[in-house]
Amino acid sequence: MRGEGTVDSRLTLRSGRGRGTLTAAVLASGMAFLDSTVVNVALPALGHELRASLAQLQWVVNGYTLTLAAFVLLGGALGDRFGRRRVFMVGIVWFTVASIACGFAWDPGVLVGARIVQGIGAALLTPGSLAIIQASFEPDERGKAIGAWSGLSGVTTAVGPFVGGLLIDVATWRWIFWMNVPLALVALWFSWRCVPESRSPSPEVRGRFDIGGALLGALALAGLTYGLIEPRAWPTLVVALVAAVAFVLVERARGERAMLPLHLFSSRVFSGLNAYTIVVYGAFGGLFFLLVIYLQNALGYSALAAGAATVPITLLLLVFSAWSGALATKIGPAIQLVAGPLLCAAGALLLRFAGDDYVTSVLPGVVVFGVGLTMLVAPLTATVLGAVDDHYAGVASGINNAAARASSMLAVAALPLVVGLSGTEYAEAGPLTNAYRAATLWCAGFLALGAVIALIARPGYRGARGGRQHR
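Residues numbered from 1 in each chain as written. Predicted model: local features only at pLDDT ≥ 70, side-chain atom pairs only at ≥ 80, totals over all residues. Heavy atoms only, no water.

Caption draft 1: Highlighting the overall build of the protein. Across its full length, the protein carries 17 helices and zero strands. Here the protein holds 471 residues, and the buried ones make up 54% of them. When contacts within the protein are restricted to residue pairs at least 6 apart in sequence, long-range pairs at least 24 apart make up 83% of them. Approximately 19,200 Å² of the protein is accessible, and the part contributed by carbon and sulfur atoms is 69%. (Helix = DSSP H or I, 4+ residues; strand = E, 2+ residues; numbered from the N terminus. Buried < 20%, exposed > 50% of the residue type's maximum accessible area, 1.4 Å probe, protein only. Contact = heavy atoms within 4.5 Å. Areas by Shrake-Rupley, 256 points an atom, 1.4 Å probe, with all protein chains shown as cover.)

This is the structure in structure tokens:
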């Protein structure tokens, strides 16, 4: 029976419905993860075909990230209120229709518009994938199901740039969007057949429907992003500032019913690690946005080769993330949260000298960066969740996820401006090389700053379930 699922869930990974529910969650979230990575590989090809400027390429990436970051908390709230399975399936359909539109785009403006709409679909389905697993499986099975979801979703992320590069080389960049269609159809079928409906049992859910906060947050992020990509549009920065102030006032007035409960930031650890997330993930986003373009337009790598260049990072995450989380549980996360970004900074400095020979000039930096990233990701997630009471775990996860995506988006917007890259210079080897090498220094600096923030925050989580960290 497709009941409410939140209280009386009986799914296990041994049952057909359990495996079908997991399959739906993995395929749907995998689509969203794919489109967060594979599009970077396609930027040179679509930029050439659509005659796009650098600013337009930035919006191809940021249009999607903007609406995903702005509405992911609202997407989770909609699922809690109207039914997680229902909103999840709506998100899949929404995302797929927008993906088809992306593939048929005939100019940069149309593509950016379709990407903005696609990000809204991702914001509807992304929080639902984990919420469905949490609500549908027996308590003893949830850890296994979430672990399987993480591993299988990691596989989709790993193969995405490789498959995307292959499609670009043998067909057209448009297929990186159209390949979502068969994945979506399978995910919808399993969702309809296997996923039980569930919603939050809390009577306060209706009061927590904070659409005003979501719209103000989106306006603040959009204004800031546009002002950074188009420096002459400085009035949008004023709009962003006003919207940000209004957002804080609205969230404070709503108190416990807010989309972003401000009292959570009274925790030094929670506040510090969200600041850590902003600088570290901002460095990640800015570096890899320019790296993939640099490999293709300055060094002559094919789309397939450029897409495969960073696969070792994802493979390291896939194989060693569980070990990294277990180590942090045993010794505490502080060492890894400090050492991780420092290793990533060393990897960024090695990638500054990326050249034609992948094995000697690119792979060492990629591996060092991947080791550092593997050290910090699992401890960061666990420590952020451990910094708040149990019933705020979902909100804390959403805040940290939004911080990571928003900072990556702002880095993609700001970094080319900071290093002096504009117009169509991304297609010229000389200006691109100078800008890329300067960007690696900036990113390494921000990663080192992340290590300093971790030292100040002094996280002390040691894996105690439901516990709060030292504040």
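Caption draft 2: The packing of helix α1 (residues 16-50) against helix α10 (residues 268-297), seen in detail. Direction vectors running N to C along α1 and α10 enclose 45°, while the axes themselves pass 9 Å from each other. In this view, α1 runs oblique relative to α10, as classed from their interaxial angle. Read as a crossing pair, α1 and α10 show a hand that is right-handed. Contacts between α1 and α10 involve N40, V41, L43 and P44 from the former and F288, F289, V292, I293, Q296 and N297 from the latter. Split by residue class, the contact of α1 with α10 holds seven nonpolar, three polar and no charged. (Axes fitted to C-alpha atoms, helices over the stretch in contact; angles between N-to-C directions. Parallel < 35°, antiparallel > 145°, perpendicular 65-115°, else oblique. Left-handed = near helix turned anticlockwise from the far one by under 90°. Nonpolar A, V, L, I, M, F, W, Y, C, P; charged D, E, K, R; others polar.)

Caption draft 3: A look at unusual backbone geometry. In the Ramachandran plot, R51 falls in the positive-phi region, its phi being about 55° despite a non-glycine side chain. Relative to the helices and strands, R51 is located in the loop between α1 and α2 (54-82).

Caption draft 4: Representation of the layout of surface pockets in the model. As a volume, the second largest pocket reaches approximately 670 Å³. Lining of the second largest pocket is provided by 23 residues; of these, L221, F247, L260, A403 and A406 occupy positions nearest its centre. Listing elements by their share of the lining of the second largest pocket, those giving two or more residues are α2, α8 (211-229), α9 (235-254), α10 and α16 (393-418). Ranked by residue count, the leading element in the lining of the second largest pocket is α16, at six residues. For the lining of the second largest pocket, the class distribution of residues is 20 nonpolar, three polar and no charged. (1 Å grid on protein atoms, 1.4 Å probe; cavity = no way out; pocket = protein on both sides within 12 Å on 5 of 7 lines; lining within 4 Å. Points joined across faces, edges and corners; volume = space filled by probe spheres on them.)

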